[in-house]
Amino acid sequence: MQIVCKKKENHLIIGLKGELDMSTADEFKNKLEEQLDVTGAKNLIINFAEVPFVDSSGLGVILGRYKRVSEHGGKMGVVEVKPQVKRIFELSGIFRIINLFDDEATALAHL
Amino acid sequence: MLTEEIEIGTYERMDQDDKSQKGQAEVFYFNRLGHTFKHGLNALYRSWLKEIGVICVLGFILARAEILGELAPFGVAFYAVALKKYRKYALGLMLSIGLGMLSAGRFDSGWSYMILLITMGMMAMPFLAQLENRLYYGMAIASVHLIFKGILGLGHTLTLYHFVSIALESILVLVFTMIFFKAFFVIENKSKKWQLTSEEELAIGILFMIVLIGLPSFKVGQFDLKVMLMKLIILLFAAKGGAGIGASVGVMVGLIDGISSIFTGLMINLYAFSGLIAGVFKDYGKWAVGVGFLLGQTILSYMMGQQGNMIYSAGETILALLIMQMIPERYMNWFDKYAQEGKSNSEAAAVRESNLLSQKLMDFSQVFVELANIFKQTGKEETPPGAEDNNVTMMINTIAGRVCKDCTYYSLCWEKRFYKTYSQMFDLFSLVEELGHLTESDIPEEIASRCGKTKDLALHISYLYELYKLNYYWQKKICEGREIVSGELKGISHIISDLSSQLYQPKQDRDGLEELLIDKVRGSGIEIEQVRINDLEDDHLEIAMMKKACNGCHECEKVITTLVSEVLDKRFVVDPHRCALKNGKNHCGFKLYSMPPYTVTTGIAKSARLGNFVSGDNYRISKFKNDKFAMILSDGMGVGPKAAVESNDTISMLEQLMKVGYNREFAVQTINSLLILRSPEETFATVDLAVIDLHTAKAEFIKIGSSPCFIKNDQEINVLKSTTLPIGILNQIEVEPVSKDLKPGDILIMVTDGILDAPKEVEDKEGWMVTLLEDINTNDPQMMANTILQKAREAGHDDDLDDMTILVARVDDEYLGH
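If you're wondering where the values come from, they're calculated on a predicted model, not measured in any experiment. (Residues numbered from 1 in each chain as written. Chains lettered and ligands numbered in written order. Predicted model: local features only at pLDDT ≥ 70, side-chain atom pairs only at ≥ 80, totals over all residues. Heavy atoms only, no water.)

1. What to know about the overall build of chain A
(1) Moving on: When helices and strands are tallied, chain A shows four helices and five strands.
(2) Moving on: The helix and strand sequence of chain A, counted from the amino end, reads β-β-α-β-α-β-α-β-α.
(3) Moving on: Counting all 111 residues of chain A, 57% fall into the buried class.
(4) Moving on: In chain A, the proportion of contacts linking residues at least 24 apart, taken out of those at least 6 apart, comes to 70%.
(5) Moving on: Counting every atom, chain A has about 4200 Å² of accessible surface; 45% of that belongs to carbon and sulfur. (Helix = DSSP H or I, 4+ residues; strand = E, 2+ residues; numbered from the N terminus. Buried < 20%, exposed > 50% of the residue type's maximum accessible area, 1.4 Å probe, protein only. Contact = heavy atoms within 4.5 Å. Areas by Shrake-Rupley, 256 points an atom, 1.4 Å probe, with all protein chains shown as cover.)

2. Focus on the overall build of chain B
(1) Moving on: The secondary structure content of chain B amounts to 30 helices and 16 strands.
(2) Moving on: Looking at chain B as a whole, 49% of its 818 residues are labelled buried.
(3) Moving on: In chain B, 69% of the contacts between residues at least 6 apart in sequence involve partners at least 24 apart.
(4) Moving on: Surface accessibility of chain B: about 39300 Å² in total, with carbon and sulfur atoms responsible for 59%.

3. Considerations on the packing of helix α23 (residues 513–523) of chain B against helix α24 (residues 555–568) of chain B
For any two helices packed against each other, the geometry is given by the interaxial angle and the distance between the axes.
All names here are of chain B.
(1) Moving on: For the pair α23 and α24, interaxial distance at closest approach is 10 Å and the crossing angle is 135°. If you check the angle between α23 and α24, you find them oblique. Read as a crossing pair, α23 and α24 show a hand that is right-handed. In this structure, α23 contributes Leu-513, Leu-516, Leu-517, Lys-520 and Val-521 to the contact, and α24 contributes Ile-560, Leu-563, Val-564, Val-567 and Leu-568.
(2) Moving on: Looking at the contact of α23 with α24 residue by residue, the class counts come to nine nonpolar, no polar and one charged. (Axes fitted to C-alpha atoms, helices over the stretch in contact; angles between N-to-C directions. Parallel < 35°, antiparallel > 145°, perpendicular 65-115°, else oblique. Left-handed = near helix turned anticlockwise from the far one by under 90°. Nonpolar A, V, L, I, M, F, W, Y, C, P; charged D, E, K, R; others polar.)

4. Some words on unusual backbone geometry
Residues and elements named next belong to chain A.
(1) Moving on: Positive phi outside glycine occurs at Glu-9, with the angle close to 50°.
(2) Moving on: Its place among the elements puts Glu-9 in the loop between β1 (2–8) and β2 (11–17).
(3) Moving on: Although it is not a glycine, Glu-80 sits at a positive phi angle of roughly 50°.
(4) Moving on: Within the element layout of this structure, Glu-80 appears in the loop between β4 (76–79) and α3 (83–92).
(5) Moving on: Under the relative-accessibility criterion, Glu-80 is labelled partly exposed at 35%.

5. Considerations on the confidence of the model for chain A
(1) Moving on: This prediction gives chain A a mean pLDDT of 89; 100% of its residues lie at or above 70.
(2) Moving on: By mean pLDDT, α3 of chain A is the weakest element of chain A at 85, and β4 of chain A is the strongest at 94. (pLDDT = per-residue confidence, 0-100.)

6. Quick notes on α3 of chain A
Each full turn of the α-helix corresponds to 3.6 residues, which orients residues three or four apart in the same direction.
(1) Moving on: Among the 10 residues in α3 of chain A, seven count as buried, and that is most of the element.
(2) Moving on: Residues of α3 of chain A that are buried include every one of Gln-84, Val-85, Arg-87, Ile-88, Phe-89, Leu-91 and Ser-92 of chain A, and no others.

7. Focus on the sheet that holds β2 of chain A
Residues and elements named next belong to chain A.
(1) Moving on: Spatially, β1-β2-β3-β4-β5 is the arrangement adopted by the five strands of the open sheet, whose pairing is mixed. On the outer flanks of this sheet lie β1 and β5 (99–101), each paired with one strand and no other. Shown here is a sheet whose adjacent strand axes are inclined to one another by a mean of 20°, direction ignored.
(2) Moving on: With seven bridges connecting them, β1 and β2 associate as antiparallel partners. Across the sheet, residue Lys-6 finds its bridge partner in β2, namely Ile-13.
(3) Moving on: On the sheet, helix α2 (residues 56–71) packs against β3 (43–50) and β4 and is oriented at approximately 160° with respect to β3. (Pairing = 2+ DSSP bridges.)

8. Concerning the interface of chain B and chain A
(1) Moving on: With 43 residues of chain B at the contact, the number on the chain A side is 37 residues.
(2) Moving on: Summed over both sides, the interface between chain B and chain A buries roughly 3200 Å², with carbon and sulfur atoms accounting for 53% of that surface.
(3) Moving on: On the surface where chain B and chain A come into contact, there are two salt bridges.
(4) Moving on: Counting across the chain B and chain A interface gives three residue pairs in polar contact (both at pLDDT 80 or more).
(5) Moving on: Of all the elements in the fold, those that place two or more residues in the side of chain B that touches chain A are α20 (418–435), α22 (454–503), β9 (628–636) and α29 (765–774) of chain B.
(6) Moving on: The biggest single contributor to the side of chain B that touches chain A is α22 of chain B, with five residues. (Buried area = accessible area lost by both parts, 1.4 Å probe. Salt bridge = Lys/Arg side-chain N within 4 Å of Asp/Glu carboxyl O. Polar contact = N/O pair within 3.5 Å; in protein donor to acceptor, adjacent residues only side chain to side chain.)

9. Digging into the nonpolar core
(1) Moving on: Counting residues in each nonpolar core, the largest one holds 68 residues, and the members touching the most others are Leu-62, Phe-74, Phe-78, Phe-176 and Phe-180 of chain B.
(2) Moving on: Ranked by the residues each element gives to this core, the list is headed by helix α11 (residues 225–241) of chain B, at 11 residues.
(3) Moving on: Leave out the neighbours within four places in its chain, and Leu-62 of chain B touches Phe-74, Gly-75, Phe-78, Phe-180, Leu-207, Ile-210 and Val-211 of chain B.
(4) Moving on: One finds Leu-16, Ile-62 and Ile-88 of chain A together with Phe-684 of chain B within the second-largest nonpolar core, a separate group that totals 35 residues. (Core = buried A, V, L, I, M, F, W, Y, C linked by side-chain atoms within 4.5 Å.)

10. Here we look at a nonpolar patch on the surface
All names here are of chain B.
(1) Moving on: Together, Trp-287, Ile-318, Leu-319, Leu-322 and Met-326 line one region of the surface with nonpolar side chains, adding up to about 510 Å² of accessible area.
(2) Moving on: Per-element accounting of the nonpolar patch gives the leading share, four residues, to helix α15 (residues 307–326).
(3) Moving on: Note on Met-326: relative accessible area 61%, which makes it exposed. (Patch = residues over 30% accessible without salt bridge, like charges linked within 9 Å, V, L, I, M, F, W, Y side chains within 5 Å.)

11. Describing the pattern of salt bridges
Note on pairing: side chains with opposite charge can pair once their charged atoms come close.
(1) Moving on: Tallied over the entire structure, the rule returns 16 salt bridges over all chains.
(2) Moving on: Here Lys-623 of chain B and Asp-627 of chain B are joined by a salt bridge, their closest N and O atoms 3.9 Å apart.
(3) Moving on: Between Lys-628 of chain B and Asp-693 of chain B there is a salt bridge, with the nearest N and O atoms lying 3.9 Å from each other. One end of the pair, Lys-628 of chain B, is in strand β9; the other, Asp-693 of chain B, is in strand β10 (residues 685–693), with 65 residues separating them in the sequence.
(4) Moving on: What you see here is one network of salt bridges that share partners, running through Glu-33, Asp-37, Arg-65 and Arg-68 of chain A.

12. Here's the deal with the packing of aromatic side chains
Each aromatic ring pair is specified by the distance between its two centres and by the angle formed by the two planes.
Residue and element names in this part refer to chain B.
(1) Moving on: Per the counting criterion, the structure on display carries 12 aromatic pairs over all chains.
(2) Moving on: Pairing Phe-78 with Phe-180 gives two aromatic rings, centres 5.9 Å apart and planes at 80°, and the pair type is edge-to-face. Here Phe-78, found in helix α5 (residues 74–85), pairs with Phe-180, found in helix α9 (residues 160–187); they are 102 residues apart in sequence, far enough to count as distant. In this structure, Phe-78 and Phe-180 share a single accessibility class: buried. (Phe/Tyr/Trp six-rings, centres within 6.5 Å; stacked < 30°, edge-to-face > 60°.)

13. Some points on α2 of chain A
All names here are of chain A.
(1) Moving on: With 16 residues, α2 should reach 22 Å at 1.5 Å per residue; the first-to-last C-alpha distance of 22 Å fits that figure.
(2) Moving on: In terms of burial, α2 is largely enclosed, as 14 of its 16 residues are buried.
(3) Moving on: The N-terminus of α2 is capped by Asp-55, whose side-chain oxygen sits 3.0 Å from the backbone nitrogen of Ser-57. (Expected span 1.5 Å × (residues − 1).)

14. A closer look at the environment of Leu-266 of chain B
(1) Moving on: With respect to the element layout, Leu-266 of chain B can be found in helix α13 (residues 265–280).
(2) Moving on: With 11 residues separating them along the chain, Leu-266 of chain B and Leu-255 of chain B place their C-alpha atoms 9.6 Å apart.

15. Some thoughts on the pairing of strand β11 (residues 698–704) of chain B
All names here are of chain B.
(1) Moving on: Counting buried residues in β11 gives six out of seven residues, a clear majority hidden from the surface.
(2) Moving on: Alignment of β10 against β11, held across six bridges, turns out to be antiparallel. Note that in β11 the partner of Ala-690 across the bridge is Phe-701.
(3) Moving on: Hairpin remark: β10 followed by β11, antiparallel, with four residues in the connecting loop; positive phi at Ala-697, about 65°.

16. Focus: the sheet that holds strand β13 (residues 717–720) of chain B
Residues and elements named next belong to chain B.
(1) Moving on: Pairing in this open sheet of five strands is antiparallel, and the strands run β7-β16-β15-β12-β13 from one edge to the other. Of all the strands in the sheet, just β7 (598–607) and β13 have a single pairing partner and so form its edges. Across the sheet, the axes of successive neighbouring strands diverge by a mean angle of 20°, strand direction being ignored.
(2) Moving on: In this sheet, strand β16 (residues 804–813) lies alongside strand β15 (residues 747–751) in antiparallel orientation, the contact comprising five bridges. Considered in β16, the bridge of Ile-747 is made with Arg-810.
(3) Moving on: Across the sheet, α29 lies against β12 (709–712), β13 and β15, angled at about 30° from β12, the strand it touches most.
(4) Moving on: Relative to the sheet, helix α30 (residues 781–795) contacts β7, β12, β15 and β16, its axis offset from that of β7 by approximately 30°.

17. Brief notes about the pairing of β12 of chain B
Residue and element names in this part refer to chain B.
(1) Moving on: Of the two faces of β12, both are covered, the one formed by Cys-709 and Ile-711 as well as the one formed by Phe-710 and Lys-712.
(2) Moving on: By the bridge criterion, four bridges tie β12 to β13 in an arrangement that is antiparallel. Residue pairing for β13: Lys-712 is matched across the bridge by Ile-717.
(3) Moving on: Hairpin connection of β12 to β13: four residues between the antiparallel strands.
(4) Moving on: Bridge analysis of β12 against β15 gives four bridges, and the strand direction is antiparallel. Each residue of the ladder has a partner; that of Cys-709, found in β15, is Met-750.

What follows is the structure, given as structure tokens:
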């Protein structure tokens, strides 16, 4: 799994490549925590353009980051989600708390 | 499981009561007698005789009664009481009491009594009527009696004996006036409680005794009808109450018989012994009771050398027995009912106590509600910091104090240009809020150009902002904690009030069902004695029965269960843990429980991710006491062993909470709170809960972040979805239970996401699952579960499969045997 991070204003934008499942969840979580600590960013945007699959441990990591970000008054968004991943997000109710955007620009504009 | 855990044991307790009652047989005898008599009198009182009739007849009989051969205080006492209540009947009363005196053969005192009564009647008008206090009234009456008798006695030679007996009689007048006041109170049914106090019972018992004494002894040839009546009473009580009651009623009747003539212990012995023997034969029918009575009487008469009277005495007994036989069962039952009512006084007390207790519990529950409200309010009042300007002002003051104080520009910035500086500082805080952190270069030119301590400023603002964020975080946590505690308190109050309503279940015969069951069972030739129906919950019934032991024929199982099942149109089973045979008694008490008409057959298949021994999935299948069948499936959202711990914790807590009576939604809320409180550790878990009521086949689903589940029957496959977040994320989760009526043959399939995600390339996972289910031909739950697991494995790649768990449940109609 590849993770690309960049910061724009107080937004941390994460680009992912590969499946977000049990084998990659821990790595993803550590990287995100580290980046949030270092940049001190308030909001978090994750790009799922190249993520074909997310399982429950992946969902756990996303929800965990939501908890952290929201506790500090930040917001979270996911962008460019593939249909099969979107279905998983829908089922888990994630869209009740995390915003879905078409692309990074829209996300930046709205968060 | 059901029958083991429910402990009510009504009849067990009754048995114990019997033992303790033996010591207090007299008390209970009074008790029963009091009730029987009270109801009889009440009925009479309301009939055509109404007041005057009953009172005059009572007066007549009571006036006849005398004790120790010559003391007859009852007529006067009764007259005094009746006069107080029914002055308009004074003349009638006076006549009947006077006639009673005369009829008892006391001609000399009869006339004198007439005069006494008239005097009292006249005096009562102006003077006595004003005496409200009963004791004073009684004393006045007794004094009048004493004086009058004294004056009358002057005509005769007044010996000390005479004087003492007149004095004694006057005292008795006082005593019985008091007693009759009490008795009147009961007869008029002014005491609305259906349970008499012991004082009232005693008063009624004494009145009854005196009536018996006062009854004229009609002799038909050699047979004394009064004696016969007494024997009948003993027989009735012996037949209903057994040896203990028989003996104590015997003592009572013997006492009456003895007291009214010259007191001897003989009659008491005779009646008590006969009553005892008669009662021993109670279980063998009425004839046997009669034979027992005769036996006792014969033995004792023979021993006491009264063989001469034996023939007549036996004749009286046989006559009494015949009368008892002639009393239709209906009236016997009436008698029985009142006797039972007396017996169940302790039960009434128990009901009252449990009522009281339940009220107490309700109060407790209210206390918890209040506590919860207080917590919630304090939680709301403290809005998170930052919202108010107070905080910013404080932070700006801190900056001014720490950074600028020693600066040479201090007076320029903070005195001359205060508002400008203030608003600039404010802007800096908005900036740090946006960036999260400030460095020297972030400070705008406008400020930097004037300020000589920009580095210090940036550092302090960043530091204060960090501090503020931390404060904000913890305050929010505290608020959350309060809210959670508030929720918990509410939950506890809920459980307590539930408990209280369970405790207080007023006994009520549901539409005469108990009577109907007794009739039905008796109709089949089984001597059933008592039936009591308890509503447990929903349609769940418990029927407690008391019957003669069948000595191991299992009438309860073979006959009664079928009968009851037919009458109530429900399947019943006998509580197998209680058989009278074990107790060695000739009575047995047992219980029937309504069997839920539906059963559930389950199948489970499970596999862990390749290379992992621990599955993140956990499931529980359990049947609760109230015939609810629950299947719970939880998927921990962490990785590996941690996920397993999450889901296992969730599931065992949920099961425990539901077991102790938390309602489902609230149980889920509670676990959510607990998982949140456990932070900083992150714990998320999905909950897939299905509860099937085995009485109605109604299923309730709670799905928290879980995969869809499927309901398959012959015609179609339904998909149940939810989009609720997993628990452990939000403070307040919306639990949205979905109900669905299942039919026999319906198959419920619950799966974790590992199954649905197995074919990764498929987009419509539910569609895939539906097709898969359509192709499965078996309706055996276990085979079905196995097949689904196998198909899911085939659809995915072996090295890429998540934990998978499948629960399958088929609803069966137990009655029809699916």
